[in-house]
Amino acid sequence: MTASFPESSQAEGAAPDRRPGGVVHDWPVEPLPALEFDPLLHRLLREEPVARVRMRFGEGDAWLVTRYEDVKTVASDPTLSRALTVDRPVTSMTPHVVAPAGGIGRTDAPDHTRLRRLVAQTFGRKRVAALRPRAQELADRMTERMARQGPPADLTECLTGPLPAQLIGDLLGVPTRDIDLLQSWRAVILSSDHTQTESEAVKREIAGYFRTLADRRLTDPGDDLFSALVAAHAQQELSRAELVSLAVMLVLNGMDAVRNQVSNMVYALLTHPAQLERLRAEPELLPGAVEELLRYIPHRNGVGLPRIATADLTVADTTIRDGDVVYVSYLAANRDSSVFTDPDRLDLGRDEAPNLSFGHGAHYCVGALLTRMEAEVMLSTLLDRFPRLRLAVEPKDMRWRRGSINRGPETLPVAW
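Conventions used here
- Residues numbered from 1 in each chain as written.
- Predicted model: local features only at pLDDT ≥ 70, side-chain atom pairs only at ≥ 80, totals over all residues.
- Heavy atoms only, no water.
- Helix = DSSP H or I, 4+ residues; strand = E, 2+ residues; numbered from the N terminus.
- Buried < 20%, exposed > 50% of the residue type's maximum accessible area, 1.4 Å probe, protein only.
- Core = buried A, V, L, I, M, F, W, Y, C linked by side-chain atoms within 4.5 Å.
- Contact = heavy atoms within 4.5 Å.
- Pairing = 2+ DSSP bridges.

Asker: Explanation requested: unusual backbone geometry in the structure shown.
Answerer: Negative phi characterises most residues that are not glycine, and trans characterises most peptide bonds. A cis geometry characterises the amide bond from Ala-109 onward to Pro-110, with omega recorded as 10°. Mapped onto the elements of the fold, Pro-110 is located in the loop between strand S5 (80-81) and helix H3 (111-120). Here the amide bond leading from Pro-151 into Pro-152 is cis, since omega sits at -5°, within 30 degrees of zero. Locating Pro-152 in the fold gives a position in the loop between helix H4 (125-149) and strand S6 (153-154). One non-glycine residue, Val-29, adopts positive backbone phi at about 50°. Relative to the elements of secondary structure, Val-29 occurs in the loop between strand S2 (22-26) and helix H1 (39-47). The class for Val-29 is buried, based on a relative accessible area of 10%. Even without glycine at this site, Gln-236 takes up a positive phi of about 65°. Structurally, Gln-236 can be placed in the loop between helix H9 (225-234) and helix H10 (240-270). Taking the relative accessible area as the measure of exposure, Gln-236 reaches 74% and is therefore exposed.

Asker: Looking at this structure, how should I read the nonpolar core?
Answerer: Taken as a class, soluble globular proteins show a tendency for nonpolar side chains to be buried jointly. Counting residues in each nonpolar core, the largest one holds 87 residues, and the members touching the most others are Leu-182, Phe-210, Phe-226 and Leu-293. With 18 residues, the single largest contributor to this core is H10. Each residue touching Phe-210, except ones within four places of it in the same chain, is listed here: Val-174, Leu-182, Phe-226, Val-244, Ala-247, Val-248 and Val-251.

Asker: Could you clarify how one ought to interpret the sheet that holds strand S12 (residues 413-415) in this entry?
Answerer: Whenever strands of a sheet pair, they do so through backbone hydrogen bonds, lying parallel or antiparallel. One open sheet accounts for three strands, arranged S6-S12-S11; its pairing is antiparallel. Either end of the sheet is taken by a strand with one partner, and the two such strands are S6 and strand S11 (390-391). Both S6 and S12 contribute to a ladder of two bridges, which runs antiparallel. Each bridged residue has a counterpart across the sheet, and for Asp-154 the counterpart in S12 is Pro-413.

Structure (structure tokens):
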């Protein structure tokens, strides 16, 4: 299934605003069906790799960098600051900034280095390998329940949603009874449809939850990451605001991003039967298949967090000035034809450059190994347990999330 792209360089209905220094593309970042790739990103990648865009919220415009090597250059440049975005109303696809001020996503070195070090060991190879049996236990239990209940089943409800939620809950020592509450908060915070007032109210609620949990863990610690962070806070290695921010971002990414990524992977496989059969015939391809699925699938809408230039820099013959806002698109970089052969085609045997789905540079996603492990466990368990797994509805009848940062199906009805 290869997407086709319109020839217009604008999103549908958008018109460029001509200002000194070039065209500013209005980019509404509207919901796209299924796994369709954003046509504006596709066009800019080919024809205007360093472009200026303006989204629905915030003020002014921003540079958008789309080509693979340029994205890597920008993402690893220490003169581009995340911290300077705090309290600056830059153009954005959401009315509020998901990542909290002072959190790991909106700090620079040395604060970012300190915060990352506190959580990195938990998400390292040794700890992720130790978590794999627990993930497999959950996958076996959940697919066994699916089999007993019989088809059709909603995979987001039976597996891809509850497994990562339970696993991140285990990591943070969140009681199982509170998982649904965190899920309800997650849905609002990651929405682009809720108002800033609604989003800020929910942020206060989830922050209050983790402040209360921190007080409890201070006197009754557990064998979990949050207890370790509470101990670090007690030793003044991080502030209370940083402690809460880390917990909130780990919950949001661990619950929402993995749910949608794996749901999208299953959908992609079920709608590419030749690739699915190849994976069934060659199960040893699974780790590489997960990498290709990460590259191919546009897992989010729009772009992530911006950076502010603190010095002039040149990217692909374009001068970005000190103080300018800069975004990178990892999605577009994953479709760069100078790096990936026939990039709009899913090829589970692909062996080219690493995908940039988890970012690059200092802000590379700390949970990348955990996400990969969860994807491998869920996909391998599904393929083993249900050799005739298929969509229970026609692809055209699937319902996809709208008004959310992360892309994915609302439900994923399957049969076997």
